[in-house]
Amino acid sequence: MKIAQLGQPVLRQVAEPVPPEALDSPAFRELIEAMVQTLEEAGGVGLAAPQVFVSQRLFLACINPPREEGVREVEVFINPRLTERSVEREPGWEGCLSFPELQVLVPRHRRIALEFLDLAGRQRTLQLEGFPARIIQHEYDHLEGILTLDRAASTRDIVKASEMEAVLSERGEIGDIPSE
Ligand code: NI
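Residues numbered from 1 in each chain as written. Predicted model: local features only at pLDDT ≥ 70, side-chain atom pairs only at ≥ 80, totals over all residues. Heavy atoms only, no water.

**Structural notes on the packing of aromatic side chains**
- Counted according to the given criterion, the structure contains two aromatic pairs.
- Aromatic side chains Phe77 and Phe116 sit 4.6 Å apart centroid to centroid with 50° between the ring planes, which places their arrangement in the tilted category. Of the two residues, Phe77 is situated in strand β3 (residues 75–85) and Phe116 in strand β6 (residues 111–117); the sequence distance between them amounts to 39 residues. Neither residue differs from the other here; Phe77 and Phe116 are each classed as buried.
- Members of the aromatic cluster, connected to one another through ring pairs, are Phe59, Phe77 and Phe116. (Phe/Tyr/Trp six-rings, centres within 6.5 Å; stacked < 30°, edge-to-face > 60°. Helix = DSSP H or I, 4+ residues; strand = E, 2+ residues; numbered from the N terminus. Buried < 20%, exposed > 50% of the residue type's maximum accessible area, 1.4 Å probe, protein only.)

**Quick word on helix α1 (residues 26–42)**
- When the terminal C-alpha atoms of α1 are compared, their 24 Å separation across 17 residues agrees well with the 24 Å that a helix rising 1.5 Å per residue should span.
- For α1, the complete set of buried residues consists of Phe28, Leu31, Ile32, Met35, Thr38 and Leu39. For α1, the angular spread of buried residues about the axis comes to 125°, placing them on one side. Away from its buried face, by an angle of more than 90 degrees, α1 presents the exposed residues Pro26, Glu30, Glu33 and Glu41.
- The first or second residue beyond α1 is Gly43, which carries a positive phi of 70°. (Expected span 1.5 Å × (residues − 1). Arc of directions from axis to C-beta.)

**Describing the nonpolar core**
- Counting 20 residues, the largest nonpolar core has Val18, Phe28, Met35, Leu58 and Ile78 as the members making the most contacts within it.
- Listed by contribution, the elements that provide at least two residues to this core are α1, β2 (58–61) and β3.
- If you look at the next biggest cluster of nonpolar residues, it comprises 17 residues, including Ile63, Ile112, Phe116 and Ile136. (Core = buried A, V, L, I, M, F, W, Y, C linked by side-chain atoms within 4.5 Å.)

**Some thoughts on the sheet that holds strand β8 (residues 158–160)**
- Ordered in space as β4-β5-β8, the three strands form an open sheet in which the pairing is antiparallel. This sheet does not close on itself; its edge strands, each paired only once, are β4 (89–94) and β8. Looking at each pair of strands side by side, their axes are set apart by 25° on average, direction ignored.
- Relative to strand β5 (residues 102–109), β4 runs antiparallel, the two sharing six bridges. (Pairing = 2+ DSSP bridges. Axes fitted to C-alpha atoms, helices over the stretch in contact; angles between N-to-C directions.)

Taken by themselves, the reported measurements are silent on function.
This is how it looks when you write it as structure tokens:
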């Protein structure tokens, strides 16, 4: 699928809830399959439906470390809700498949809890912290039409991906920056 790039209005819309009856439809299964393939091809750790021009409350995220080398587990989050957010926040560099040329330093809640439906339509809850919590907050923002650029504390925290090495050595940080 084509990934919507920065400037596309769909990235700025508040997405609509997925109707629960849609989960059983072949069209929905096909959408998920196509999104998983798109995420794999792009080599990212997350992909929200609005990024593939589908304004629905649904995203994919790889929040578990791979069990075997090269095999990642892609999880599907449908109609997610963030139910808890820690007061404590921490900054981290984030990429986005909708503007892979840029990296943005984004403060995120260190810990979150979320509720969502899985592919089988089961209500699930998760508590996450650190990097997995960051991925979920990034993808959740896509459902609200919010991008990392909006969350930068300063425009100085927006840099070209190609210059990251220079930026990190200047700031005395080490980075491993995946795309979301
Ligand atoms: Ni993104």
